[in-house]
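# Structural overview
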Amino acid sequence: MTVSKTFQSTKSPGYPLMSSLHHHAQAVCVYDTLVNTGSFSGPLRISLHCTDKGLLADPKGGIRLMKILSLLTGVYPESAQAQGHHAQFSIRKDDLLGFTLSLKGEAAEAFLSRCIHTFFPLDPTFQGIPLSQLNAQGDLSFTFPSLTQCPELDPLKSLLEEGLYLQVSICTPETSLEGGYRYLTERQFPLLPESAVQENGQ
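So, here is what we can say about the structure in this document. All values reported here derive from a predicted model rather than from experimental measurement.

### Comments concerning the environment of Leu71
Within the secondary structure layout, Leu71 lies in helix α2 (residues 62-73). Leu71 sits 85 residues away from Leu156 along the chain, and the two C-alpha atoms are 8.9 Å apart.

Here it is, written out as structure tokens:
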């Protein structure tokens, strides 16, 4: 995968929703510090899965999901289709279920920094991701909070207001809950409560 330069301006086609550098000063500072001190212990991987409850009835709605994912990440998503028939859910083989994409290394670190320093703080309803979402291998999965409050995404406002389900899976290079906790909090990821890992480790 070709990775675009991190923290480019909005004029760059490689990262379409990156605003001017001063809007991401804190994210850039944290990211550069981690790079310059060699704090990357391995390749971070992030997967995004996006769907909509009306997608089965109207597959054309998938175009909206493709736009959201590609503009959020700069990566074109792949379709996720049913592998078989599921009569109880009225799903047939090859029905469109949503879209998915994966980021790794620098692209994943850049997206993680944007979540921490741009998307989360601008959502007035966001309070943090429960630590219970972090598994024993140090990986984290959560449903992305609303993006409708982020000024960067104003061009997508009409698409976002229709609602969507965006699942984010963060696969850290660590192999334990404590390691994953340290990895994410070193990057200022808002895990709650902070004391739970210490209590579990006793």
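Read on, since the account is not over.
### Quick look at the environment of Val168
Residue placement: Val168 occurs in strand β6 (residues 165-171). According to the relative accessible area criterion, Val168 is buried, its value standing at 1%. Sequence separation between Val168 and His49 is 119 residues; the distance between their C-alpha atoms is 6.5 Å. Ignoring any residue separated from it by four or fewer positions in sequence, one finds Val168 in contact with Ile46, Ser47, Leu48, Leu140, Ser141, Phe142 and Phe144.

### Considering the nonpolar core
A general feature of soluble globular proteins is that nonpolar side chains tend to end up buried together. Counting 43 residues, the largest nonpolar core has Phe144, Ile170 and Phe189 as the members making the most contacts within it. Elements represented by at least two residues in this core include exactly β1 (45-51), α2, β3 (96-104), α3 (106-119), β5 (140-143), α4 (157-160), β6 and α5 (177-186). Here this core takes seven residues from α3, the largest share from any one element. Ignoring any residue separated from it by four or fewer positions in sequence, one finds Ile170 in contact with Leu44, Arg45, Ile46, Leu112, Asp139, Leu140, Phe142, Leu184 and Phe189.

### With respect to the sheet that holds strand β2 (residues 78-81)
The five strands lie next to each other as β2-β3-β1-β6-β5, forming an open sheet whose pairing is antiparallel. Each edge of the sheet is formed by a strand with only one pairing partner; in this case those strands are β2 and β5. Along the sheet, successive strands turn relative to each other by an average axial angle of 25°, direction set aside. Examined bridge by bridge, β5 and β6 share four bridges and lie antiparallel to one another. Following the sheet pairing, Thr143 is matched in β6 by Gln167. Sheet strands in contact with α2 are β1, β3 and β6, and its direction is about 10° off that of β3. Packed on one face of the sheet, α3 meets β1, β3 and β6 and runs near 105° to β3.

### Structural notes on the environment of Phe142
Mapped onto the elements of the fold, Phe142 is located in strand β5. In this structure, the C-alpha to C-alpha distance between Phe142 and Leu166, residues 24 residues apart in sequence, is 8.6 Å. Excluding residues within four positions of it along the chain, Phe142 makes contact with Phe120, Ile129, Gln133, Leu166, Gln167, Val168, Ile170 and Phe189.

### Here's the deal with the pattern of salt bridges
In this structure the tally under the stated criterion is four salt bridges. Linking Arg64 and Asp52 is a salt bridge whose minimum nitrogen-to-oxygen distance equals 2.4 Å. Within this pair, whereas Arg64 is found in helix α2, its partner Asp52 is found in the loop between β1 and α2, the two being separated by twelve residues in sequence. Residues Arg64 and Asp52 agree in their burial class; the two are buried. Note that Lys93 is salt-bridged to Asp94, the shortest N-O span being 3.7 Å.

### Some words on the pairing of β1
A one-sided burial pattern is seen for β1, the buried positions being Ile46, Leu48 and Cys50 and the unburied ones Arg45, Ser47, His49 and Thr51. Judged from the six bridges that link them, β1 and β3 form a sheet pairing that is antiparallel. When the sheet's bridge partners are listed, Ile46 is paired in β3 with Leu103. Bridging between β1 and β6 involves seven bridges; their strand directions are antiparallel.

Rules used throughout
- Residues numbered from 1 in each chain as written.
- Predicted model: local features only at pLDDT ≥ 70, side-chain atom pairs only at ≥ 80, totals over all residues.
- Heavy atoms only, no water.
- Helix = DSSP H or I, 4+ residues; strand = E, 2+ residues; numbered from the N terminus.
- Buried < 20%, exposed > 50% of the residue type's maximum accessible area, 1.4 Å probe, protein only.
- Contact = heavy atoms within 4.5 Å.
- Core = buried A, V, L, I, M, F, W, Y, C linked by side-chain atoms within 4.5 Å.
- Pairing = 2+ DSSP bridges.
- Axes fitted to C-alpha atoms, helices over the stretch in contact; angles between N-to-C directions.
- Salt bridge = Lys/Arg side-chain N within 4 Å of Asp/Glu carboxyl O.

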